[in-house]
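Single-letter residue listing:
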Amino acid sequence: MSAEKKIPQHLAIIMDGNGRWAQQRGKERSEGHIAGMEALRRVVRYAAEYGIKYLTVYAFSTENWGRPREEVEALMGLICKGVEMEAQQLCENGIRVVVIGDRERFSAEVKQAIDNIESMTAAGTTMTFVLALNYSSRSEITTAVKTIAGKIERGELQASEIDEKTISQALYTASMPDPDLIIRTSGECRLSNFLMWQASYAELYFSDVLWPDFDRDAFNEAMQVYAQRDRRYGLVKK
Ligand code: IPE
Ligand code: IPE
Ligand code: MG
């Protein structure tokens, strides 16, 4: 296998452990989220330098709305501020930002910040940086089913014509390759409603490192482990 084939084309990350990182330091959970945002800024840089073409991060799940009001507000503030502050730099670095998830529930301010960063960075070709915000796989798949059912209702599609491609193309990730590698930090070993359709043949990597501590060494280690994985896709090795 050639060297470049061992780089994941699409890396997805479940950035977990911000709360515990803060707790361990006697800080508020929101301070963990601030530190988590710094870790994200670093990892975007590592990923682009490494030659990854798609980086998707799980930043806010549909279930996260159920957290205490102060934490949700702190997260919304951080998302808005982070998106506004980073837009210029990302644009200059050729990084295209795409947001996946249901944005209807966000405030006008957050929606505006998301729209701005997407349009500002739309021409970027170095890497696509996908932010999953108010995202969950089940809601994504439910929305896709409604879209497909609507086409059938309007006579634009026959039920018998539905294949895997029809479904893939009705998801938020329609134009993207499936993730090759999914990293979850903080020692939790679950997907928590993240990219469940797209993860069918993803390699999974669980790191004990809490997200704010995820540094270049932790990133490099994940890349090394991935490079040694043998992806068979149900076939027999030659
Ligand atoms: C991940 O860190 C960030 C979000 C889910 C928004 P957590 O906030 O889940 O941190 P822990 O799991 O409580 O440590
Ligand atoms: C998953 O982390 C969501 C994000 C990282 C945004 P959670 O901390 O919300 O997931 P659970 O509750 O441990 O499954
Ligand atoms: Mg968590």
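Quick note: structure is the one above.
These lines cover the structure that appears in this document, whether it is placed above or below. (Residues numbered from 1 in each chain as written. Chains lettered and ligands numbered in written order. Predicted model: local features only at pLDDT ≥ 70, side-chain atom pairs only at ≥ 80, totals over all residues. Heavy atoms only, no water.)

## Thoughts on the site of ligand 2
Next, step 1: Residues in contact with ligand 2, as listed here, are Ile14, Met15, Asp16, Tyr58, Ala59, Phe60, Ser61, Asn64, Arg67, Arg184, Arg190 and Ser192.
Next, step 2: Taking Arg184, its side chain carries an N or O atom lying 3.3 Å from an oxygen atom of ligand 2.
Next, step 3: Contact between ligand 2 and Arg190: an oxygen atom at 2.8 Å from a side-chain N or O atom of the residue.
Next, step 4: Relative to its unbound accessible area of 390 Å², ligand 2 is 77% covered by the protein chains.
Next, step 5: By residue number, the principal contributor to the shell around ligand 2 is strand β2 (residues 54-61), which donates four residues. (Near = heavy atom within 4 Å. Polar contact = N/O pair within 3.5 Å; in protein donor to acceptor, adjacent residues only side chain to side chain. Areas by Shrake-Rupley, 256 points an atom, 1.4 Å probe, with all protein chains shown as cover. Helix = DSSP H or I, 4+ residues; strand = E, 2+ residues; numbered from the N terminus.)

## Some words on the site of ligand 1
Next, step 1: In the neighbourhood of ligand 1, 13 residues make up the surrounding shell, with Asp16, Gly19, Arg20, Arg29 and Arg67 lying closest.
Next, step 2: Interatomic distance of 3.4 Å between a backbone N/O atom of Gly17 and an oxygen atom of ligand 1.
Next, step 3: Taking Asn18, its main chain carries an N or O atom lying 3.1 Å from an oxygen atom of ligand 1.
Next, step 4: Relative to its unbound accessible surface of 370 Å², ligand 1 loses 86% to contact with the protein.
Next, step 5: The set of elements that each furnish at least two residues to the shell around ligand 1 consists of α1 (18-24), α2 (29-50) and α3 (69-92).

## Here's the deal with unusual backbone geometry
Across residues other than glycine, the phi torsion is negative in most instances, and most of the peptide bonds are trans.
Next, step 1: The backbone of Asn134 shows a phi angle near 50 degrees, a positive value even though the residue is not glycine.
Next, step 2: As for its position among the elements, Asn134 is in strand β4 (residues 127-135).
Next, step 3: Positive phi is not limited to glycine here, since Tyr233 has a value of about 50 degrees.
Next, step 4: Following the sequence through the fold, Tyr233 ends up in the segment after α7 (216-228).
Next, step 5: Take Tyr233: its relative accessible area is 42%, and that puts it in the partly exposed class. (Buried < 20%, exposed > 50% of the residue type's maximum accessible area, 1.4 Å probe, protein only.)

## Considerations on the state of the cysteines
Next, step 1: Per the stated rule, a full pass over the model turns up zero disulfides.
Next, step 2: Its sulfur unpaired, Cys80 is 18 Å from the next cysteine sulfur, which belongs to Cys91.
Next, step 3: The exposure class assigned to Cys80 is buried, which follows from its relative accessible area of 5%. (Disulfide = S-S within 2.5 Å.)

## Thoughts on the pairing of strand β1 (residues 10-14)
Next, step 1: Most of β1 sits out of view: five of its five residues are buried.
Next, step 2: Both faces of β1 are covered, namely the face carrying His10, Ala12 and Ile14 and the face carrying Leu11 and Ile13.
Next, step 3: Taken together, the five bridges between β1 and β2 define a ladder with parallel strand orientation. Pairing of His10 across the sheet is with Tyr54, part of β2.
Next, step 4: Two elements, β1 and strand β5 (residues 181-184), share four bridges in a ladder whose sense is parallel. Bridge pairing in β5 links Ile14 to Arg184. (Pairing = 2+ DSSP bridges.)

## Notes on the environment of Val72
Next, step 1: Looking at where Val72 falls in the secondary structure, it is placed in helix α3.
Next, step 2: Note on Val72: relative accessible area 10%, which makes it buried.
Next, step 3: Placed 42 residues apart in sequence, Val72 and Ser30 show a C-alpha to C-alpha distance of 9.2 Å.
Next, step 4: Ignoring anything within four residues of it in the chain, the contact list for Val72 reads Phe60, Asn64, Trp65 and Arg67. (Contact = heavy atoms within 4.5 Å.)

## What to know about a negative patch on the surface
Next, step 1: On the surface, Asp213, Asp215, Asp217 and Glu221 cluster together into a negatively charged patch.
Next, step 2: With a relative accessible area of 46%, Glu221 lands in the partly exposed category. (Patch = residues over 30% accessible without salt bridge, like charges linked within 9 Å, V, L, I, M, F, W, Y side chains within 5 Å. Salt bridge = Lys/Arg side-chain N within 4 Å of Asp/Glu carboxyl O. Lys, Arg positive; Asp, Glu negative; His and termini not counted. Charge placed at Lys NZ, Arg CZ, Asp CG, Glu CD.)

In short, the description is geometric, and any link to function would need to be established separately.
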